[in-house]
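Single-letter residue listing:
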There are 2 protein chains.
Amino acid sequence: MKPILVQKYGGTSVASIERLHNVADRVIKAVKEGYAVVVVTSAQGDTTDELFEKARSILPDPKSAKREYDALMATGEKISIALLAMVLISRGHDAISYTGSQAGILTDSKYTKARILDVDTRKLRYDLAEGRVIVAAGFQGVDRDGWTTTLGRGGSDITASALACALDAVRCEIFSDVDGFYTADPRWVPDAIKLDALSYDEALELTHLGAGITHPRAVELARQHNIEIHIGSSFKEQAGTVIKSEVPVEAERHIRGVTCRTDEVKISVLEVPDQPGIAAKLFGSLAQARISVDMVIQNMSRRGINDITFTVSKADYSEAKPIVDSAAAEMKAKTVDYDEDIAKVSIVGGGIADFPEVAAQMFSALGEHSINIKMISSSEVKLSCVIAEADAKTAVQALHQVFNLSNS
Amino acid sequence: MKPILVQKYGGTSVASIERLHNVADRVIKAVKEGYAVVVVTSAQGDTTDELFEKARSILPDPKSAKREYDALMATGEKISIALLAMVLISRGHDAISYTGSQAGILTDSKYTKARILDVDTRKLRYDLAEGRVIVAAGFQGVDRDGWTTTLGRGGSDITASALACALDAVRCEIFSDVDGFYTADPRWVPDAIKLDALSYDEALELTHLGAGITHPRAVELARQHNIEIHIGSSFKEQAGTVIKSEVPVEAERHIRGVTCRTDEVKISVLEVPDQPGIAAKLFGSLAQARISVDMVIQNMSRRGINDITFTVSKADYSEAKPIVDSAAAEMKAKTVDYDEDIAKVSIVGGGIADFPEVAAQMFSALGEHSINIKMISSSEVKLSCVIAEADAKTAVQALHQVFNLSNS
């Protein structure tokens, strides 16, 4: 059996017949290099948006009909895989398209954000052994009842990583219109530079914190199975960013990048009488609806009175609000405060926690620009501050400069 | 269990959100009348054509990559079912979409023109019992390997009829932009009138002979299971044409309609030395490629020399030609003659064979208009003549008049 290579191409990379031929160039190159190739594709260009608009003209919140929403949204990839397989066939290569269901991607039944439970690789391995290029639909799976599910935004990267893990691929290459991770978003920081290599932990934080390059779960899966991920642009020849287990970092280069997310809402449940298990109830209900919370802070502000503050993604906001409101009423909170005008700026780097001066530098850099810090959270590899959305760009630029990242 | 009603809506009937609401009106009406409803839909409007054009920009003959062709073409219906289910949900009705695979429509693996082998109705019956409206994708199925197949042009009607049979429905209603069978195509014969009822045999001949209203296999399946088919327009309230086993026909009304097909090619394999089993070989190869032949005539023109003439659909022409050419070479035929400029005009009616004067009337009507007859074939319920395509309209008008069909 040849070594298996998984390549994932995003929507822009497959947006036209011409671009599908570009993708085929890369695939055929990998075949000629001796790999058994599994290609994972997203839907073409604007297809997903067009399908969403159709759905929205029927239901103001299409996700309220979750099962049908997933059935609909999964069709975009079903089109692109057949087209790419045809392109490869037209160029004399044996290729075969697989929907998520056909590829054996078993998920739970949490429509719109399903999790992959298992991948049954028997058919895939058979076709690879027969010398066929597999073209698999990203973003989708099938639940135990045989219904179509989708994995949520960025789900095609998860598919690619999951297939690479299940097939024990030599690596997973993720191609889109960005050519890798940068020290900061180049649109805001023109002298930001590309990072050649990241550890899984660093990449995980960067994706979580808004680098928007790939999906955290794709990195998480790859970490568990120790599969290298290569991030690159399908339009360029240069190497992008490699994500792998061990990345040598010089001591003085512990800050790898500055990121910013503006797609979150800050929720404060204020003046909650102290009672055991109260936070658990609130976050339990959110978890059941598969809504991720971040930056959780609980202040015992006065005797026996708590303030609980956290952030959720704006995409989950409409679903989260009634859950939070009803939990707040149940726990007799005085009020709930929602703040949509926030940004979370973060600095990321392995072993950041070992350098306490970094935190001081970050806070003072923000202070020098009169930027007010609303929340702080930290981990082994990152330090995040929630600030006003209007200050986001200034903050990112200031932090990129103070940590001298353009000389990484 | 409530009585089950199957309704099929064509592409024009589901072409826009507004039209999907019209369809929902009809579905909801049937639900309120006490039916458990299974809706079968085609792809929206021009979707199928658009997908075909995409494929054709990759492969001049997209069907040469049959498996991928089917995977691609089946996506159109996967979109329309999810949208229609959403429309029903938006109007407070529990609805659930089913792809061909999910609906248990098992077919053989003859891509682009698969045949339904079996329908596993367990899931469908469960959801019907739960009070859900089923919205099933027409035109598609799944083979034993789990790959998507399509049933060919008009396949959604076959799906509807097959589901009606498998679920033992009270009837199968087929809605499209035509409101029923007519004594002739009203575009050519303005005083053609709609036929209220047809026997299965008559309807079969009419569909085979080019009425273009529904698919012969839909009628064939319904005949086998004695399921009534109602043909009507989704844009009108009036009744269309009912197809059922016993239709009372007065003796003098044995001609029911005049039809015309211009989508066939006449193929003549000329001067074949006589040898047993020669025709079987030719037609065996065509059958293996699932190419239907019609109007087969074999003439022993001179001692030991045969001419074999038959017609195939233009859609099958490019596939049929190499098969015929190679068979002709093998059987040492002198030449093969292909004639694309033909029309097959037919008169249809139960018991037509019992009235020999009908044939005489037909031939003399054509003769009076100087129309040359190239081939003749007949059955219990039809009489067909192949003529030049240029004469088609004149022939249909003449036959409609001579058999006085506007007073049916």
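See the structure shown above.
A count of helices and strands for chain A gives 12 helices and 20 strands. Taking the principal axes of its C-alpha atoms as reference, chain A extends roughly 75 × 50 × 35 Å. Relative to its 408 residues, chain A shows a buried fraction of 48%. A separation of at least 24 residues holds for 74% of the contacts in chain A among residues at least 6 apart in sequence.

A word on the sheet that holds strand E13 (residues 257–261) of chain A. Residue and element names in this part refer to chain A. In space, the four strands of this open sheet follow the order E13-E18-E20-E19, with antiparallel pairing throughout. Whereas interior strands pair on both sides, the edge strands pair on one side only; in this sheet they are E13 and strand E19 (375–378). In this sheet, neighbouring strand axes are inclined to one another by 20° on average, regardless of whether the strands run parallel or antiparallel. Judged from the four bridges that link them, E19 and strand E20 (residues 382–388) form a sheet pairing that is antiparallel.

As a general point, the strands of a sheet are linked pairwise by backbone hydrogen bonds and lie either parallel or antiparallel. All names here are of chain A. Strand order in the open sheet formed by eight strands is E3-E6-E2-E1-E9-E11-E12-E10, and the pairing between neighbours is mixed. Two strands in the sheet have a free side with no partner beyond their single neighbour: strand E3 (95–98) and strand E10 (197–199). Between one strand axis and the next, the sheet turns through 20° on average, direction left out of account. Where strand E2 (residues 36–41) and strand E6 (residues 133–137) come together, four bridges link them in parallel fashion. Directly across from Thr41, in E6, lies its bridge partner Ala137. Here helix H5 (residues 122–129) sits on the sheet and contacts strand E1 (4–9), E2, E3 and E6; the angle it forms with E6, its principal contact strand, is near 150°. Helix-sheet contacts for helix H7 (residues 200–208) involve E10 and strand E12 (241–244), and the interaxial angle to E10 is about 95°.

All names here are of chain A. It is at 8 Å that the axes of helix H6 (residues 155–166) and helix H8 (residues 216–225) come closest, and there the two elements cross at 10°. With respect to each other, H6 and H8 are oriented roughly parallel. Between H6, through Asp157, Ile158, Ala160, Ser161, Ala162, Ala164 and Cys165, and H8, the contact on the second element is made entirely by Arg217, Ala218, Leu221, Ala222 and His225. Of the residues in the contact of H6 with H8, the class split is eight nonpolar, two polar and two charged.

Residue and element names in this part refer to chain B. For helix H1 (residues 17–32), spanning 16 residues, the distance from its first C-alpha to its last is 22 Å, which sits close to the expected 22 Å at 1.5 Å a residue. For H1, every residue scored as buried is listed here: Arg19, Leu20, Val23, Ala24 and Val27. End-on view of H1: buried residues confined to an arc of 150°, all on one side of the axis. Opposite its buried face, H1 presents the exposed residues Glu18, Asp25, Lys29 and Lys32, each directed more than 90 degrees away. Residues of H1 that are buried sit in contact with strand E1 (4–9), strand E2 (36–41), helix H4 (75–90) and strand E6 (133–137). A positive backbone phi angle near 100° is found at Gly34, which sits one or two residues after H1.

A few words on the relation of the copies chain A and chain B. Superposition record for chain A on chain B: RMSD 0.0 Å, screw rotation 180°, translation along axis 0.0 Å. Look at the turn and shift together and you get a two-fold axis relating the two. Closest to the rotation axis within chain A is the C-alpha of Thr75(A), separated from it by 3.1 Å. With an isologous cut-off of 70% or more, the 100% of interface residues of chain A that recur at the interface of chain B puts this contact in the isologous class.

Time to look at the interface of chain A and chain B. The interface is formed by 24 residues belonging to chain A together with 24 residues belonging to chain B. Those elements giving two or more residues to the side of chain A that touches chain B turn out to be helix H2 (47–56), helix H3 (66–73) and helix H4 (75–90) of chain A. With 10 residues, the single largest contributor to the side of chain A that touches chain B is H4(A). Of the residues assigned to the side of chain A that touches chain B, the class counts are 15 nonpolar, six polar and three charged.

All names here are of chain A. Looking at where Ala279 falls in the secondary structure, it is placed in helix H9 (residues 278–288). Residue class for Ala279 comes out partly exposed when judged on the 18 C-beta atoms lying within 10 Å of it. Between the C-alpha atom of Ala279 and that of Gln298, which follows or precedes it by 19 residues, the distance is 8.8 Å. Apart from residues no more than four positions distant in its own chain, Ala279 is found in contact with Gln298 and Ile308.

Once that is clear, we can look at unusual backbone geometry. Positive phi outside glycine occurs at Asn226(A), with the angle close to 55°. Mapped onto the elements of the fold, Asn226(A) is located in the loop between H8 and strand E11 (228–233). Despite not being glycine, Lys332(B) has its phi angle at roughly 60°, a positive value. When you line up the elements, Lys332(B) lands in the loop between helix H10 (317–330) and strand E17 (335–339).

It is worth spelling out the pairing of strand E11 (residues 228–233) of chain B at this point. All names here are of chain B. Where strand E9 (residues 171–176) meets E11, six bridges bridge the pair, whose relative direction is parallel. Residue pairing for E11: Cys172 is matched across the bridge by Ile229. Here E11 runs beside strand E12 (residues 241–244); their pairing, made up of three bridges, is antiparallel. When the bridges of E12 are listed, Ile231 appears paired with Thr241.

How each quantity is defined
- In every chain, residue numbers begin from 1 and rise along the written sequence.
- Whichever chain is written first becomes A and whichever ligand is written first becomes 1, with later ones labelled in order.
- Residue-level local features of this predicted model are given only where pLDDT is at least 70; pairs of side-chain atoms are given and counted only at 80 or more, and the full residue set underlies all totals for whole chains, interfaces and linings.
- The way it works is that DSSP assigns letters per residue, a run of H or I at least four long becomes a helix, a run of E at least two long becomes a strand, and they are numbered from the N terminus.
- Exposure classes come from backbone-placed C-beta atoms, where a residue is buried if 20 or more other C-beta atoms lie within 10 Å of its own, exposed if 12 or fewer do, and partly exposed in between.
- Here the contact rule is simple: place C-beta atoms from the backbone, and any two residues whose C-beta atoms are within 7 Å are in contact.
- Note: two strands are recorded as paired if DSSP finds a minimum of 2 bridges between them.
- Throughout, an axis means a line fitted to C-alpha atoms (over the contacting stretch in the case of helices), and angles, computed between N-to-C directions, take values from 0 to 180 degrees.
- Small angles under 35 degrees read as roughly parallel and large ones over 145 as roughly antiparallel, with 65 to 115 read as roughly perpendicular and the rest as oblique.
- Lys, Arg, Asp and Glu make up the charged group, whereas Ala, Val, Leu, Ile, Met, Phe, Trp, Tyr, Cys and Pro make up the nonpolar group; the residues left over, Gly among them, are polar.
- One less than the number of residues in a helix, times 1.5 Å, gives the span that helix is expected to have.
- The arc in question is the one spanned by the directions pointing from the helix axis to the C-beta atoms.
- For the least-squares superposition of copies, only C-alpha atoms count, and only for residues with pLDDT at least 70 in both.

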